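# Architecture and fold: a report
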Amino acid sequence: MRVLVVGGGGREHALVWKLSQSPEVRQLFCAPGNGGIADLAELVDIGAEDIETLAEFAEQKDVDLTIVGPEGALAKGIVDIFEKRGLRIFGPTKAAARLESSKIFAKHLMKKYHIPTAQFAVFDDPQAARAYVRQVGSPIVVKADGLCGGKGTIVAHTLSEALGAIDLLMEDRIFKQAGERVVIEERLIGEEVSFMVMTDGLTALPLLLAQDHKRLHDGDKGPNTGGMGAYAPTPVVDATLATQILEQVVMPTLRGLAAEGLPFKGVLYVGLILTSDGPRVLEYNVRFGDPEIQGILPLLESDLVPILDEAVEGRLSGTTTCRWRAGNCACVVLASAGYPGDFQIGKEIRGLESGAHQSGLLVFHAGTKKEQKRYVSWGGRVLNIVGLGEDLETALKRVYEAIGPIGFDGMIYRKDIGFRALKKPVSQS
Ligand code: AMP
Ligand code: GLY
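Conventions we followed
- Throughout this document, residue positions are counted from 1 along each chain, in the order its sequence is written.
- The order in which chains are written sets their letters, starting at A; the order in which ligands are written sets their numbers, starting at 1.
- Since the coordinates come from a predicted model, pLDDT governs what is reported: local features require at least 70, and pairs of side-chain atoms require 80 or more to be given and counted, while whole-chain, interface and lining totals use all residues.
- Side-chain measures here rest on the full set of heavy atoms in the structure, leaving out hydrogens and waters.
- Cavities and pockets are found on a 1 Å grid laid over the protein atoms alone: a cavity is a set of points where a 1.4 Å probe fits but cannot escape, a pocket is an open set with protein on both sides within 12 Å along at least five of seven lines, and a lining residue has an atom within 4 Å of such a point.
- Grid points are joined across faces, edges and corners, and a volume is the space filled by probe spheres set on the points.
- Runs of H or I in DSSP of at least four residues are treated as helices and runs of E of at least two as strands, each being numbered from the N terminus.
- Any residue that is not Ala, Val, Leu, Ile, Met, Phe, Trp, Tyr, Cys, Pro, Asp, Glu, Lys or Arg is counted as polar, Gly included; the first ten are nonpolar and the last four charged.
- Angles here are taken between N-to-C directions and fall from 0 to 180 degrees, while the axes themselves are lines fitted to C-alpha atoms, restricted in helices to the stretch in contact.
- Under this scheme an angle from 65 to 115 degrees is roughly perpendicular, one under 35 degrees roughly parallel, and one over 145 degrees roughly antiparallel; angles in between are oblique.
- Left-handed describes a crossing whose near helix is turned anticlockwise from the far helix through less than a right angle; right-handed describes the clockwise counterpart.
- By definition in these notes, contact holds between two residues if any of their heavy atoms fall within 4.5 Å.
- Two strands qualify as a pair provided that DSSP identifies no fewer than 2 bridges between them.
- For each residue, the test is whether any non-hydrogen atom lies within 4 Å of the molecule or strand; if one does, the residue is near.
- Two N or O atoms form a polar contact when they lie within 3.5 Å of each other; inside protein one atom must be a possible hydrogen donor and the other a possible acceptor, and for residues adjacent in sequence the pair counts only when both atoms belong to side chains.
- Only the protein chains shown count as covering a residue, and every accessible area follows the Shrake-Rupley method with a 1.4 Å probe.
- Buried Ala, Val, Leu, Ile, Met, Phe, Trp, Tyr and Cys residues form a nonpolar core when they are joined through side-chain atoms within 4.5 Å.
- Exposure categories follow from relative accessible area, calculated using a 1.4 Å probe and restricted to protein chains: below 20% of the type maximum is buried, above 50% is exposed, and the middle band is partly exposed.
- To estimate how far a helix should extend, the number of its residues minus one is multiplied by 1.5 Å.
- The arc in question is formed by the directions pointing from the helix axis toward the C-beta atoms.

## Some thoughts on empty space enclosed by the protein
- On inspection of all chains with the given rule, the structure shows two cavities of 30 Å³ or more.
- Of the volumes computed, that of the largest cavity is approximately 90 Å³.
- For the lining of the largest cavity, the elements supplying multiple residues, two or more each, are helix 5 (98–101), helix 6 (103–112), strand 9 (182–186) and strand 17 (278–285).
- Top contributing element to the lining of the largest cavity by residue count: helix 6, with four residues.
- Taken together, the residues of the lining of the largest cavity sort by class into six nonpolar, no polar and six charged.
- The space that makes up the second largest cavity amounts to roughly 40 Å³.
- Lining the second largest cavity are Val68, Leu74, Phe90, Gly91, Pro92, Gly266, Val267, Val286, Arg287 and Phe288.
- Residue classes in the lining of the second largest cavity are distributed as seven nonpolar, two polar and one charged.

## Concerning the packing of helix 7 (residues 126–136) against helix 8 (residues 159–171)
- At a minimum axis separation of 10 Å, helix 7 and helix 8 run at an interaxial angle of 165°. When the axis of helix 7 is compared with that of helix 8, the two are roughly antiparallel. Helix-helix and strand crossings are classified by hand; for helix 7 and helix 8 the assignment is right-handed. Contacts between helix 7 and helix 8 involve Pro126, Ala129, Arg130, Val133 and Arg134 on the former and, on the latter, Leu159, Ala162, Leu163, Ile166, Asp167, Met170 and Glu171.
- For the contact of helix 7 with helix 8, the residue count by class is eight nonpolar, no polar and four charged.

## Quick look at the sheet that holds strand 4 (residues 65–68)
- The five strands lie next to each other as 3-2-1-4-5, forming an open sheet whose pairing is parallel. The sheet is open, and its two edges are formed by strand 3 (42–43) and strand 5 (89–90), each paired on a single side.
- Both strand 2 (residues 27–32) and strand 3 contribute to a ladder of two bridges, which runs parallel. Residue pairing for strand 3: Cys30 is matched across the bridge by Leu43.

## What to know about the site of ligand 1
- Around ligand 1 sit 14 residues, and of these Thr153, Glu185, Leu188, Glu192 and Glu283 come closest.
- Side-chain polar atom of Glu185 to a nitrogen atom of ligand 1: 2.7 Å apart, as the coordinates give it.
- In this structure, a nitrogen atom belonging to ligand 1 sits 2.8 Å away from a main-chain N or O atom of Leu188.
- Summarising the interface, the protein chains cover 91% of the accessible area of ligand 1, which totals 470 Å² for the free molecule.
- When residues of the shell around ligand 1 are traced back to their parent elements, those giving at least two are strand 7 (140–144), strand 8 (153–156), strand 9 and strand 17.
- Residues that form the shell around ligand 1 fall into these classes: four nonpolar, two polar and eight charged.

## Quick look at the sheet that holds strand 9
- Judged by pairing direction, the sheet is antiparallel, and its four strands sit side by side in the order 6-9-7-8 without closing on themselves. One side of each edge strand has no neighbouring strand; the edge strands of this open sheet are strand 6 (120–123) and strand 8. When the angles between neighbouring strand axes are averaged without regard to direction, this sheet yields 20°.
- Where strand 7 and strand 9 come together, five bridges link them in antiparallel fashion. Within strand 9, the residue paired with Val142 across the bridge is Ile184.

## Points about the nonpolar core
- Within the largest apolar cluster, 53 residues are counted, with the highest numbers of intra-cluster contacts made by Ile78, Leu99, Leu268 and Tyr284.
- Per-element accounting of this core gives the leading share, eight residues, to helix 9 (residues 239–259).
- Membership of the second largest hydrophobic core comes to 45 residues, among which are Val16, Trp17, Phe288 and Cys322.

## A few points about the site of ligand 2
- Around ligand 2 sit Asp212, Gly226, Tyr269, Asn285, Arg287, Gly289, Asp290, Pro291 and Glu292, and that is every residue in its neighbourhood.
- A distance of 2.8 Å separates a nitrogen atom of ligand 2 from a polar atom in the side chain of Asp212.
- Within the backbone of Asp290, a nitrogen or oxygen atom sits 2.8 Å from a nitrogen atom of ligand 2.
- With the chains in place, 90% of the 200 Å² that ligand 2 exposes on its own is no longer accessible.

## What about helix 8?
- Compared with the 18 Å implied by 1.5 Å per residue over 13 residues, the 17 Å span of helix 8 between its first and last C-alpha is a close match.
- The complete set of buried residues in helix 8 reads Ala162, Leu163, Ala165, Ile166, Leu169 and Met170. Down the axis of helix 8, the buried side of the element spans an arc of 155°, and every buried residue falls inside it.
- On its buried face, helix 8 sits against strand 6, helix 7, strand 7, strand 8 and strand 9.

Here it is as structure tokens:
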């Protein structure tokens, strides 16, 4: 079959890598792709959010299955456009994608269907929002309703930080209409985990649980990013807790959406915090997590194509399962200086050859571009170095050894990925 992957980050490289191993895939396209994906798929020069042009391309090339990486395309309605043309696509409709593109929609759904989450209030008037935070006090969390590339949530430790967040989002409109309305919610405490399922709306096929590292610096300091590293599986969720999350969070979410007339197909990603009162939902995403999936797919033994196919056709019956190989997988993100703020691109990447063929090691490109025989940085998150091992420590050792020779001007990365699971003291570097 001919398969199109939409997107051009580390997540899409991992997907293309996995799909390229399927005996069912004859031709693989990626739009727009990146320097690393260019070695495995035909790059198509169409932006991920140029959804009409993507649909025309898929029609012209007789693409049998399209898989969407980033949320922007889903929120814009790529699935609706493809399905209108009779094209097969793995992902939720625009209306169902509101689970990620509107935090207010997600919170109301959780409330209605009794899905455990933080207590919250919704505001469209900054004056009322300020009065509310003055009344309830800090710490408190202020979230923009709309998509903000992972930067729309402010965990405020003081009242003045909370008032400042309301100003930035609602008065200064730093995220334009995305911050027109806000959710203000209680601050929860606990470890965060990422639980993803592939679903046809009725059956949910769980992936291994992963943990992301959202903050830029070691010890979970600094600003929030898209994610600086991940590993799977995570020791903080055992089989009993995983079943509890599936039954109390994932299935009620899918059933709730269906009851609202919004059946969900694709990847449902639940970001949870494990509080002393049990798991609580922090956020939903409607696509594979990045970098979580780079740390999960290398452990998947099963062919991904039949699973995606069955999900698209609504026949992910109870008999389909994911087979996982034993061991652990870890992913460390190498980023450009300045990320997640302004950063420079076009820096030559050195030392990639050394890691490319080591066993138990994979390099997934994110923001890179291939120029003749060399690669240059072309984004905030540039590379994902991924290692497999019989335990997490071995996987991480492989990754950090492989990073040694790799470099580009201004490269930054976290040196403490996995520190919670390894129960190591937090590194201060
Ligand atoms: P979100 O934009 O909802 O994905 O949140 C981004 C990050 O902010 C999460 O990964 C958490 O680290 C933090 N966060 C969000 N909501 C809360 C909350 N209610 N309590 C504590 N931390 C939170
Ligand atoms: N790593 C978190 C996300 O994909 O949104």
